[in-house]
Amino acid sequence: MSLRERLRRVSELATEFYVAPYRGVIARAHRDQDDLFMLFVFSELMGVPNPATYYMLELQPMLLERFHEWHVRMGMEHSPLDGFRCC
Amino acid sequence: MNAIILAIVGLGAMFLGYRFYSKFIAEKIYRLDPDFKTPAHSMRDNIDYVPTNRTVLWGHHFTAVAGAAPIIGPGIAVIWGWVPAFLWVIGGTLFFAGVHDFGAVWASARHKARSIGALTGDIVSQRARALFMIVIFLLLLMVNAVFAVAISQAFDLTPASVIPAWAAIAVALVIGVLFYKAHTNIVVPTILATAFIFLCVPLGDYVPVRLPETFLGLGAGAQWIVLLFVYATIASLVPVWVLLQPRGYISGIMLFVGLGLLYGAVLISHPTVVAPAFNQSVPAGAPPIVPLLFVTIACGAISGFHGLVGSGTTSKQLDKETDARFVGYLGSTGEGALALITIIAATAGFASRADWDAMYPAFGAGGQNAFVQGGATIVAAGSPFSYEFGAVLLTVMVVLFAGTTMDVGVRLQRYIIQEWGVAYKIPALQNSYVATFLAVGACLTLAFGAGGTQGTGGMIIWPLFGTTNQLLAGLTLLVISVLLVKQGRPSRYTMIPMIFVTSMSFLAALYQLWDLYRTGQYFLVLMDLLIVVTAIFVMLEAASAFMRERRAVGTTRAVTVS
């Protein structure tokens, strides 16, 4: 193993040592933030007025992949939207 | 007696324990299977369940369990002489703590990485689970109170440590931002941070910080306690990446640096142990060595707190089941090594027996102070650093460890209170601010209740803390033993330690009850009563669980035979 590789290995281990204990906590906080964002993006479709809807419209197709996971996590077994089908 | 012999015999015994005893336990008792699919693989979600390199996991387990407690406990317990403390630390690490930590990781990994608390409910009984929660809450309460008192004493005795200790917090904030916002590589900031803390040590010596003698009727120690809890409140409310994570990381790095420095200095300066092997002239009023030794040194010999760590996060990240031995057993051995160097510092770091006697005028004296002074003498003799530098550096280490545990402790207490809020449908308790204030309020009450407005006598609760910690260890060992009985394997390797620690902590709690009543500390008498009652219930639960499982195993055998 060359010196460069060895250094890279040390750096990887140190990063892992730094990240691992709180990985779950941080990922969960991140997900909570994302969930709120999903609510903003899809709020108008669910009847909650949102002045920024126009600007968020083009985000909808991008977030569609995550839509199913999100509504399940929010405690809705099926899609709350009538406009398009999810599951 | 030369301290090098202590270090070599101690570390050698730990190595042999890992090499042979843990191998025996792994193969014959826990029967680890390299092909078993651990929860990190079977339930992988890249959030909690992630297969992690075993060296990294070992580092976590080690740095999470080795804090200020294995320094304070042995620092107090050498008052009975170095032999009892040495034997209990080595024997405890080999046959108690190792098996306990290793077992907690193993049992949890075999049960979908559930925590020991949840496992208690499944394997022993729901009543035992409730007991478990009570013990944990008491433990956190005491750990926060005791560590706040320990830090305030450290600041009070070594004013030079104030600046470097708080500088470490500032460094942590910077590292957190650099890592998460600027996405820098971690190695360079780590080296710079360590260097910065070392540079702050002479600065602290140059500008010592002393709080006013009295302020609003509070002594300097008490003011520090209040300040520390204000800090802990804030620290436990901000997101973990801001402070908790980088701080824990820096504490971990400092632990490795400190251990290396101290063992290296012992090897070079080979100091002589001045403390007696068995102290024949123990100060008046000191409690009997049995059972108090076994609760005074909890962390460093066996501690229930480890089970929480092992079953909470470690088991979710275990790559292979066979790694449990390396992570759990060797992780607790690391803590034993810290306790061992504390014994050496507190017995060989003094010039003469008279100096040593002056450090231990009464039971509860010594503690981290003996570690700092003794350790600094050894550092001065065996390294290029001066005595003052060593004293400040070691104080900063103790403060960092204790502070990190406090941050985590207050946060965990808040979670428990919030959980109660959910369970009993009290919305106010579910609020994180209300829950934090309640947690901190309880800790402050205890810190002051034990030491008055001066906040001086807080170390009185140290043995109480040890008792609670051992009870928790007893509960974890109970879970492991019942599991082994269920599977028809020999359970004596965990059962004997369980019976030993539970009965010792019960006896200790009874002795303390009498002692606290005699000295009129009624607040602590109440606390101790709670512990005694809990201990009785733990023993009853243990007995009933064993009878039940034995009978069940007996019936299955009878059925198979007929």
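Structure first, text after, so check above.
A few points on the structure. Note that the structure is a prediction, hence the values are computed from the model and not measured.

Comments concerning the overall build of chain B
- Regarding its fold elements, chain B presents 22 helices and 2 strands.
- A compact globule built from 562 residues should have a C-alpha radius of gyration of about 24 Å, and chain B, at 23 Å, falls within 12% of that.
- Each principal axis of the C-alpha distribution contributes one length, and for chain B these read about 80 × 60 × 45 Å.
- Scored against the burial criterion, the 562 residues of chain B give a buried share of 62%.
- In chain B, the proportion of contacts linking residues at least 24 apart, taken out of those at least 6 apart, comes to 85%.
- Of the roughly 20,700 Å² of accessible surface on chain B, 69% is carried by carbon and sulfur atoms.

Digging into the packing of helix 11 (residues 244-269) of chain B against helix 16 (residues 367-382) of chain B
All names here are of chain B.
- One can describe the packing of helix 11 onto helix 16 by two numbers: an axis separation of 8 Å at closest approach and a directional angle of 60°. Of the possible angle classes, the one that applies to helix 11 and helix 16 is oblique. In the crossing of helix 11 with helix 16, the sense of the turn from one axis to the other is left-handed. On helix 16, the residues touching Leu261, Leu262, Ala265, Val266, Ile268 and Ser269 of helix 11 are Phe371, Gly375, Ile378, Val379, Ala381 and Gly382.
- Of the residues contributing to the contact of helix 11 with helix 16, the split by class is 9 nonpolar, 3 polar and no charged.

Remarks on helix 16 of chain B
- Under the 1.5 Å per step criterion, the end-to-end length of helix 16 of chain B is 22 Å for 16 residues, consistent within 8% with the ideal 22 Å.
- Taken together, the buried positions of helix 16 of chain B are Gly367, Gln368, Asn369, Ala370, Phe371, Val372, Gly374, Gly375, Ala376, Ile378, Val379 and Gly382 of chain B.

A look at the interface of chain B and chain A
- At the junction of the two partners, chain B supplies 25 residues and chain A supplies 19 residues.
- Between chain B and chain A, a total of about 2,000 Å² is buried, with carbon and sulfur atoms accounting for 69% of that surface.
- Viewed at the interface, chain A and chain B are joined by 1 salt bridge.
- There are 6 residue pairs in polar contact (both at pLDDT 80 or more) connecting chain B and chain A.
- Along the lines of polarity and charge, the residues of the side of chain B that touches chain A split into 14 nonpolar, 10 polar and 1 charged.

Some remarks on the environment of His60 of chain B
- Position of His60 of chain B among the secondary structure elements: in helix 3 (residues 54-65).
- Overall, His60 of chain B belongs to the buried group, its relative accessible area being 12%.
- Each C-alpha atom, one on His60 of chain B and one on Gly310 of chain B, is 9.7 Å from the other, the two residues being 250 residues apart in sequence.
- When sequence neighbours within four positions are dropped, the list of residues in contact with His60 of chain B reads Glu16, Phe17, Ala20 and Pro21 of chain A.

Concerning the side chain of Thr233 of chain B
- Residue placement: Thr233 of chain B occurs in helix 10 (residues 220-237).
- Sequence-distant contacts of Thr233 of chain B, defined by excluding residues within four places in its chain, comprise Thr436, Phe437 and Val440 of chain B.

So, the side chain of Ser269 of chain B
- Position of Ser269 of chain B relative to the elements: it lies in helix 11.
- With residues near it in sequence (within four places) discarded, Ser269 of chain B still touches Ile378, Ala381 and Gly382 of chain B.

Observations regarding the packing of helix 10 of chain B against helix 17 (residues 387-423) of chain B
All names here are of chain B.
- Contact pair helix 10 / helix 17: the axes reach a minimum separation of 9 Å and the direction vectors enclose 65°. Where helix 10 crosses over helix 17, the handedness of that crossing is right-handed. Of helix 17, the residues touching helix 10 (which contributes Leu228, Phe229, Tyr231, Ala232, Ala235, Ser236 and Leu237) are Met406, Asp407, Val410, Arg411 and Arg414.
- Tallied by class, the residues present in the contact of helix 10 with helix 17 amount to 8 nonpolar, 1 polar and 3 charged.

Notes on helix 11 of chain B
Residue and element names in this part refer to chain B.
- In this model, helix 11 (26 residues) spans 36 Å end to end at C-alpha, consistent with the 38 Å of a helix rising 1.5 Å per residue.
- With respect to burial, helix 11 is a largely interior element, 19 of its 26 residues being buried.
- Just past helix 11, the residue His270 takes up positive phi, approximately 25°.

Regarding the pattern of salt bridges
All names here are of chain A.
- A full pass over the atoms with the stated rule returns 14 salt bridges over all chains.
- Residue Glu16 is joined to Arg23 by a salt bridge in which the shortest nitrogen-to-oxygen separation is 3.4 Å.
- Residue Glu16 is classed as partly exposed on the basis of its relative accessible area of 22%.
- Between Arg73 and Glu69 there is a salt bridge, with its nearest N and O atoms 3.9 Å apart. Remark: Glu69 and Arg73 occur in helix 4 (residues 60-73); sequence separation between them is 4 residues, near one turn of the helix.
- What makes Arg73 partly exposed here is its relative accessible area of 33%.
- A network of salt bridges, in which partner residues are shared, links Asp35, Glu69 and Arg73.

Reading the values: the criteria
- The numbers attached to residues start from 1 for each chain and follow its sequence in the written order.
- Working convention: letters from A go to chains and numbers from 1 go to ligands, in the order in which they are written.
- With the structure being a predicted model, the display of local features is reserved for residues of pLDDT at least 70 and the display and counting of side-chain atom pairs for 80 or more, all residues being used for whole-chain, interface and lining totals.
- For the side-chain quantities, the full set of heavy atoms in the structure was used; hydrogens and water were omitted.
- The helix count covers DSSP runs of H or I at least four residues long, the strand count covers runs of E at least two residues long, and both are numbered beginning at the N terminus.
- Computation of the radius of gyration draws on C-alpha atoms alone. For the globule rule, the value is 2.2 Å times the number of residues to the power 0.38.
- Relative accessibility under 20% of the residue-type maximum defines a buried residue, over 50% an exposed one, and the middle range a partly exposed one, all with a 1.4 Å probe and only protein chains included.
- Any two residues whose heavy atoms approach within 4.5 Å at even a single point are treated as in contact.
- Here the accessible surface of atoms and residues is derived via Shrake-Rupley with a 1.4 Å probe, and residues count as covered only by protein chains that are part of the display.
- Here the axes come from fitting lines to C-alpha atoms, over the contacting stretch only for helices, and the angles between their N-to-C directions go from 0 to 180 degrees.
- Oblique is the label for any angle not under 35 degrees, not over 145, and not in the 65 to 115 range, which are roughly parallel, roughly antiparallel and roughly perpendicular in turn.
- By convention, the crossing between two helices is left-handed when the near helix turns anticlockwise from the far helix through less than a right angle, and right-handed when the turn is clockwise.
- Residues are grouped as follows: Ala, Val, Leu, Ile, Met, Phe, Trp, Tyr, Cys and Pro are nonpolar; Asp, Glu, Lys and Arg are charged; every other residue, Gly included, is polar.
- Expected span of a helix, by definition, is 1.5 Å for each gap between consecutive residues, and there is one gap fewer than residues.
- Summed over both partners, the accessible area lost on bringing two parts together, with a 1.4 Å probe, is the buried area.
- One speaks of a salt bridge when a side-chain nitrogen belonging to Lys or Arg is within 4 Å of a carboxyl oxygen belonging to Asp or Glu.
- What qualifies as a polar contact is a pair of N or O atoms within 3.5 Å, subject to a donor-acceptor requirement within protein and to the restriction that residues adjacent in sequence count only when both atoms come from side chains.

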